[in-house]
Amino acid sequence: MLEILFLLLPLAFYSGWQSARKRYKERQEKRKQISVHFVRGINYLLSEQPDKALDVFLNYPEIDEYTADTFLLLGNLFRNRGEINRALRVHQNLVARPDLSKAQRTSAMLALGEDFFAAGMLDRAESVFTELLKDDPKRSDACEPLRNIYEQLHEWDKAIEISQCAQQRSKSDHGRLIAHYYCELATQELQKNNLFKVEETLKKATKAYPDSSRVLVLAGDLAYARGQLQEAMKTYQAAISKDSRLLGMLFSKLLNDFPQQDALENLYQFIKQHFTQSQDTRLFAYLLQLARKLGKLKEMHAHVDEHLLKGKPTLNTLAHSTEVLASVWQESNTCDMAQVQTALQRLANSQPEFQCGHCGYKMHDYLWRCPACHQWDSVANV
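Residues numbered from 1 in each chain as written. Predicted model: local features only at pLDDT ≥ 70, side-chain atom pairs only at ≥ 80, totals over all residues. Heavy atoms only, no water.

1. Focus: the overall build of the chain
Point 1. Assigned secondary structure in the chain consists of 18 helices and 3 strands.
Point 2. Burial statistics for the chain: of 382 residues in total, 42% are counted as buried.
Point 3. Considering only contacts in the chain between residues 6 or more positions apart, those separated by 24 or more positions represent 51%.
Point 4. Here the chain has roughly 21,800 Å² of accessible surface; of this, 52% comes from carbon and sulfur atoms. (Helix = DSSP H or I, 4+ residues; strand = E, 2+ residues; numbered from the N terminus. Buried < 20%, exposed > 50% of the residue type's maximum accessible area, 1.4 Å probe, protein only. Contact = heavy atoms within 4.5 Å. Areas by Shrake-Rupley, 256 points an atom, 1.4 Å probe, with all protein chains shown as cover.)

This is the structure we're talking about:
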């Protein structure tokens with residue numbers, strides 16, 4: 001019996017070796033097929049035939065770790081090129097695969113949500129990211145896209161909630177954004193004349209981000225709505241002192257809503273002091289407009305000369321500077337200078353006064369959030 005066992009051992013070894021060899025050949029053949037499949041898809045991409053490439057990739061029989069990463073990269077490539085429908089096809093196909101790991105499925109879901117967002121399908125994008133948070137409440141990478149969605153929809157309460165949630169889950173400070181969302185809510189309440197609600201909302205904004213200049217602007221609006229004109233002017237000036245860009249947004253309001261001589265004189269001295277200290281070109285044009293309103297153009301002549309010689313004139317400051325020069329020129333020359341001044345002013349009025357420092361988008365009105373790149377606090381005078 002023992003002899004028979006010894007005789008069977010080589011046979012068993014040979015049988016096992018043959019079986020392993022067969023499996024190895026099968027795996028090699030499958031890898032070869034997949035490799036050929038992959039190369040064919042890449043060739044279609046390089047030949048600018050993306051739909052044929054998609055058909056090849058989406059008919060992959062199996063997905064492994066490396067193939068899944070390739071799918072994700074391919075879908076993201078399509079999205080970045082603006083080919084959203086193709087990106088959706090790739091990522092939807094990937095999400096539907098039953099053989100994905102949990103990490104791969106999460107990555108595919110995040111990519112699919114980004115596709116829906118890029119396509120403007122905000123409700124479906126919200127659904128995807130919300131589902132991810134339900135599965136894993138600690139997923140900070142799902143919070144940021146949701147915040148962007150609620151910004152787009154102007155659902156400020158939800159934006160605050162998700163921002164506070166994201167702040168707890170990551171080291172990022174969302175306080176400035178949360179303050180902006182509260183300010184948006186306060187603006188809505190101010191339009192409804194719910195002044196007490198405005199005050200309460202501004203307190204929450206201040207708590208979220210104590211250094212917010214926008215809170216000061218709204219506090220000035222609140223004081224003005226209550227008839228507290230001196231307090232309103234004081235608060236507006238505090239906002240401008242904190243951020244000189246705000247003068248561009250507030251100037252028309254200050255000029256029209258505070259027409260009293262003493263208020264305008266106070267504003268003139270305030271802007272003149274800040275201009276003298278900072279030599280900020282953005283302040284100079286407004287200083288000249290106030291000088292004209294108060295009949296002080298001749299007083300500004302020396303400042304105009306210095307600005308034209310040593311400063312950095314803009315179209316706006318040039319237009320107002322010519323008015324000052326016209327006021328001190330001889331009568332025979334005033335007509336010609338007045339024509340130049342009128343032409344320059346007309347040209348200046350036709351140009352956008354503000355520009356986003358992040359993306360370069362130009363606009364006529366100051367906005368807290370750029371409508372093109374959606375960055376907050378990025379707009380300044382041109």
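2. Examining the side chain of threonine 235
Point 1. When you line up the elements, threonine 235 lands in helix H12 (residues 229-242).
Point 2. Look past the residues within four positions of threonine 235 in its chain and what remains in contact with it is Leu216, Ala219 and Gly220.

3. Some thoughts on the confidence of the model for the chain
Point 1. Mean pLDDT over the chain: 80, with 76% of residues reaching 70 or higher.
Point 2. Scored below 50 in pLDDT, residues 1-18 makes 0 contacts in the model with residues more than four places away or belonging to other chains.
Point 3. For residues 28-34, every residue scores under 50 in pLDDT, and the model assigns this stretch 2 contacts once sequence neighbours within four places are set aside. (pLDDT = per-residue confidence, 0-100.)

4. Here's the deal with the sheet that holds strand E3 (residues 379-381)
Neighbouring strands of a sheet are bound in pairs by backbone hydrogen bonds; such pairs are parallel or else antiparallel.
Point 1. What the 3 strands build is an open sheet, ordered E2-E1-E3; its pairing is antiparallel. At either margin of the open sheet sits one strand with a lone partner, and together these are strand E2 (362-363) and E3.
Point 2. Pairing of strand E1 (residues 354-356) with E3 involves 3 bridges; the strand directions are antiparallel. The residue bridging cysteine 356 from the neighbouring strand is valine 379, located in E3. (Pairing = 2+ DSSP bridges.)

5. Some details on unusual backbone geometry
Point 1. The phi angle at histidine 154 is positive, at roughly 60°, despite the residue not being glycine.
Point 2. When you line up the elements, histidine 154 lands in the loop between helix H7 (140-153) and helix H8 (156-169).
Point 3. At asparagine 193, a position not held by glycine, the phi torsion is positive, near 65°.

6. Some remarks on helix H15 (residues 281-293)
Point 1. Between the first and last C-alpha of H15 there are 19 Å, a value that for 13 residues agrees with the 18 Å anticipated at 1.5 Å per step.
Point 2. Within H15, 10 of the 13 residues are buried, leaving the element largely enclosed by the surrounding structure.
Point 3. Glycine 295, located one to two residues past H15, shows a positive phi value of around 70°. (Expected span 1.5 Å × (residues − 1).)

7. Considering the packing of aromatic side chains
Point 1. Applying the stated criterion across every chain yields a total of 9 aromatic pairs.
Point 2. Each ring, one from phenylalanine 251 and one from tyrosine 286, has its centre 4.9 Å from the other, and the planes form 45°; the classification is tilted. On the criterion of sequence distance, the pair formed by phenylalanine 251 in helix H13 (residues 246-257) and tyrosine 286 in helix H15 is long-range, its members being 35 residues apart.
Point 3. With relative accessibility at 4%, the residue tyrosine 286 sits in the buried group.
Point 4. Grouping aromatic residues by their ring pairs yields a cluster made of Trp156, Tyr181 and Trp376. (Phe/Tyr/Trp six-rings, centres within 6.5 Å; stacked < 30°, edge-to-face > 60°.)

8. Quick look at the nonpolar core
Point 1. Phe129, Leu247, Leu254, Ile271, Leu290 and Met300 are the most contacted members of the largest nonpolar core, which has 91 residues in total.
Point 2. Of the residues forming this core, the biggest block, 8 residues, is contributed by helix H9 (residues 175-191).
Point 3. Here phenylalanine 129 is in contact with Leu110, Gly113, Glu114, Ala142, Pro145, Leu146 and Ile149, once residues within four sequence places are set aside. (Core = buried A, V, L, I, M, F, W, Y, C linked by side-chain atoms within 4.5 Å.)

9. Quick look at the environment of leucine 367
Point 1. Here leucine 367 is to be found in the loop between E2 and E3.
Point 2. Assessed through its relative accessible area of 35%, leucine 367 is described here as partly exposed.
Point 3. In this structure the C-alpha to C-alpha distance between leucine 367 and serine 378, which are 11 residues apart in sequence, comes to 8.9 Å.

10. Some remarks on the pattern of salt bridges
Side-chain pairing between opposite charges can occur once the charged atoms of the two side chains come close.
Point 1. Under the defined criterion, the tally for this structure stands at 16 salt bridges.
Point 2. Between glutamate 144 and arginine 147 there is a salt bridge, with the nearest N and O atoms lying 2.4 Å from each other. On the criterion of helical spacing, the pair formed by glutamate 144 and arginine 147 is a turn pair, its members being 3 residues apart in helix H7.
Point 3. With its nearest N and O atoms 3.1 Å apart, the salt bridge here joins aspartate 257 to lysine 253. Linking aspartate 257 with lysine 253, this pair stays in helix H13, spanning 4 residues, or about one helical turn.
Point 4. On the basis of relative accessibility, which here comes to 25%, the residue aspartate 257 falls in the partly exposed class. (Salt bridge = Lys/Arg side-chain N within 4 Å of Asp/Glu carboxyl O.)

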